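For reference, the chains in residue letters:
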Amino acid sequence: MDQNGTVVGPLYLFELASSQARYLELRQSTIATNVANANTPGFKARDVEPFNKVLDGMPVRLATTSPTHMQLSATETDTRATSKKDSWDVVHSGNSVSLEQEMIKGNDVNRDYSMNSAVVRSFHRMLLSSVKT
């Protein structure tokens, strides 16, 4: 409940963070497989769909707990990003793994995991402080 006694809906941040952590685990495993097969003839590099593609099907609706809150249409809250093309170079052995690209993707996973952990930690502290007061 908020200060006015209004029931506030459930918090999905922890569920979203958990889903992203599972996605990052899968992506890191895929990157590791690509690196392990960098010298395997005919091996095709793999990657998983971006996490935001999962969220694209679910537009975020802003919660209104007061009638004085502004209402935004679905087009104003649409957060879809443009898709980018991966440019895998295939060498004459048929292998399409680029170690440089895999290292960059691994760094992206590390950065995303660190940000995910920091957001969850901050949200957890915020919940604990609201319970204490």
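The model shown is predicted, which means the values in this text are computed figures rather than measured ones.

## Topic: the nonpolar core
- Listed in full, the five residues of the largest apolar core are Tyr23, Leu24, Ile31, Phe51 and Val109.
- Per-element tally for this core: the top contributor is helix H1 (residues 13–36), with three residues.
- Discounting chain neighbours no more than four positions away, the residues touching Phe51 are Leu16, Ser19, Gln20 and Tyr23.

## A look at the UniProt feature "domain: Flagellar basal body rod protein N-terminal" (unreviewed entry) in the protein
- Mapped onto this structure's residue numbering, the UniProt feature "domain: Flagellar basal body rod protein N-terminal" (unreviewed entry) falls at residues 27–44.
- Between the end C-alpha atoms of residues 27–44 the distance is 16 Å, and the span holds 56% helix and 0% strand.

## Topic: the packing of aromatic side chains
- One pass over the full model with this rule turns up two aromatic pairs.
- Between Phe14 and Phe123 the ring centres are 5.3 Å apart and the planes differ by 65°, which places this aromatic pair in the edge-to-face class. Taken together, the residues Phe14 in helix H1 and Phe123 in helix H3 (residues 99–132) connect sequence positions 109 residues apart.

## Digging into H1
- Helix length check: H1 (24 residues) gives 34 Å between terminal C-alpha atoms against 34 Å at 1.5 Å per residue, within 8%.
- When we look at burial in H1, the residues that qualify are Ala17, Gln20, Tyr23, Leu24, Arg27, Thr30, Ile31 and Asn34.

## Quick notes on a nonpolar patch on the surface
- A surface patch of nonpolar side chains, about 250 Å² in accessible area, is lined by Val35, Leu99 and Met103.
- The topology assignment puts Val35 in helix H1.
- Accessibility expressed as a relative area gives 30% for Val35, which makes it partly exposed.

## Points about the pattern of salt bridges
- Counted under the stated rule, the structure contains five salt bridges.
- Where Asp47 meets Arg27, a salt bridge forms, and the shortest distance between an N and an O atom there is 3.0 Å. Residue Asp47 is located in the loop between H1 and helix H2 (51–56), and its partner Arg27 is located in helix H1; the two are separated by 20 residues in the primary sequence.
- Given a relative accessible area of 29%, Asp47 falls into the partly exposed group.
- Overall, Arg27 belongs to the buried group, its relative accessible area being 12%.
- The salt bridge involving Lys105 is made with Asp47; its shortest N-O contact spans 3.5 Å. Of the two residues, Lys105 sits in helix H3 while Asp47 sits in the loop between H1 and H2, which places them 58 residues apart along the sequence.

Thresholds applied
- Residues numbered from 1 in each chain as written.
- Predicted model: local features only at pLDDT ≥ 70, side-chain atom pairs only at ≥ 80, totals over all residues.
- Heavy atoms only, no water.
- Core = buried A, V, L, I, M, F, W, Y, C linked by side-chain atoms within 4.5 Å.
- Buried < 20%, exposed > 50% of the residue type's maximum accessible area, 1.4 Å probe, protein only.
- Helix = DSSP H or I, 4+ residues; strand = E, 2+ residues; numbered from the N terminus.
- Contact = heavy atoms within 4.5 Å.
- UniProt positions renumbered as here; feature names shortened; annotations may be inferred.
- Phe/Tyr/Trp six-rings, centres within 6.5 Å; stacked < 30°, edge-to-face > 60°.
- Expected span 1.5 Å × (residues − 1).
- Patch = residues over 30% accessible without salt bridge, like charges linked within 9 Å, V, L, I, M, F, W, Y side chains within 5 Å.
- Areas by Shrake-Rupley, 256 points an atom, 1.4 Å probe, with all protein chains shown as cover.
- Salt bridge = Lys/Arg side-chain N within 4 Å of Asp/Glu carboxyl O.

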